[in-house]
Amino acid sequence: MKTDRNFAAWRWGALTLLAVVHLNAAAEIKLLGDWEPDPPCGGPPLTMNDLHDIQAGLKPRPACSKSETEKLEEANWISLRKRIATILEPDGTTLRKFFGQGFRLHFDGDIFYLQAIGFMPKSRLDEVCTLGRRTKETAYQCLEGQRYTVACHIAIYNRQFEEIGWHTVRINESYPIFCNAIPGLGRLDAKHDDVLAVVQYFSVAKESKLASKISEVGSDWNRMTVRLKLRKTGDGRVEIEQDDRCLGNPNTEEEIPEARVAIRRCEKSAR
């Protein structure tokens, strides 16, 4: 196994737009950036005189409320802090690389927010992983002794940016892995509230070797697709269930269309 140490920092591929259709109500997921270009500001529109006075320092700049993207990031902080094993800086400068794309989710008549996040989760409540200076010997190694592994997670928040759904993607390899991207998201079909997520990962086992030349970078990444079922519960939460029955885990389905075909073939033969 050859991997590039530079990819130990969280790297996300471009996430595709995701649309989910409910049996009775259409739903969709869109990237926040597609509909929220700027943070909203309160108050009446500014005149040219207002702008001149603001630039001259004669009037204060209008206070802008936080954008939904900023609120979503703050919600991610709360969710992440209670689960992450690695130590984070208080100012958040080491955290941003763990965030993937944020989405606004219209689902079964309600609006939610969906976020893909990558970080090393705690295997026990008191686990800590301290990352030291990188060398060939310490790559993907915590100073406490355990391997530095990263998992892919899906979080769902309500309109008040409270966490109402969480899932850590299961990748059933026999070796420790570093999940470094979710390069694809898509729906199964128009009849199911099922999300298909492509996850990308590589081995961080001790016997794995770092890439020694550029041509080897990324040559040993694995990709697989997981099926995630979404279901609203009576207490305002959204359950996320990973269903590996048809695709298997791990699997070799690297693209959303391929996974759809495999699932349909499997379900048809089971009838």
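Note that the coordinates shown come from a computational prediction; the quantities given were computed from them, not determined experimentally. (Residues numbered from 1 in each chain as written. Predicted model: local features only at pLDDT ≥ 70, side-chain atom pairs only at ≥ 80, totals over all residues. Heavy atoms only, no water.)

Draft legend 1. Looking closely at helix H1 (residues 48–55). Every buried residue of H1 is accounted for by Asp-50, Asp-53 and Ile-54. Taken down its axis, H1 places every buried residue within 100 degrees of arc, on the same side. In H1, the exposed positions angled more than 90 degrees off the buried face are occupied by Met-48, Asn-49, His-52 and Gln-55. One or two positions beyond H1, positive phi appears at Gly-57, with a value near 80 degrees. (Buried < 20%, exposed > 50% of the residue type's maximum accessible area, 1.4 Å probe, protein only. Helix = DSSP H or I, 4+ residues; strand = E, 2+ residues; numbered from the N terminus. Arc of directions from axis to C-beta.)

Draft legend 2. Fine view of unusual backbone geometry. A cis amide bond links Asn-249 with the next residue in sequence, Pro-250, at an omega value of 0 degrees. Topologically, Pro-250 is positioned in the loop between strand S11 (238–242) and helix H3 (256–269). Of note in this structure, Tyr-140 is not a glycine but carries a positive phi near 55 degrees.

Draft legend 3. Expanded view of the side chain of Asn-251. By secondary structure assignment, the location of Asn-251 is in the loop between S11 and H3. Residue classification places Asn-251 among the buried positions, given a relative accessible area of 9%. Within the structure, the side chain of Asn-251 is placed 2.8 Å from the backbone oxygen of Thr-225, a separation counted as a polar contact. Here Gly-248 takes part through its backbone oxygen, which lies 3.1 Å from a polar atom of the side chain of Asn-251. Apart from residues no more than four positions distant in its own chain, Asn-251 is found in contact with Arg-223, Met-224 and Thr-225. (Polar contact = N/O pair within 3.5 Å; in protein donor to acceptor, adjacent residues only side chain to side chain. Contact = heavy atoms within 4.5 Å.)

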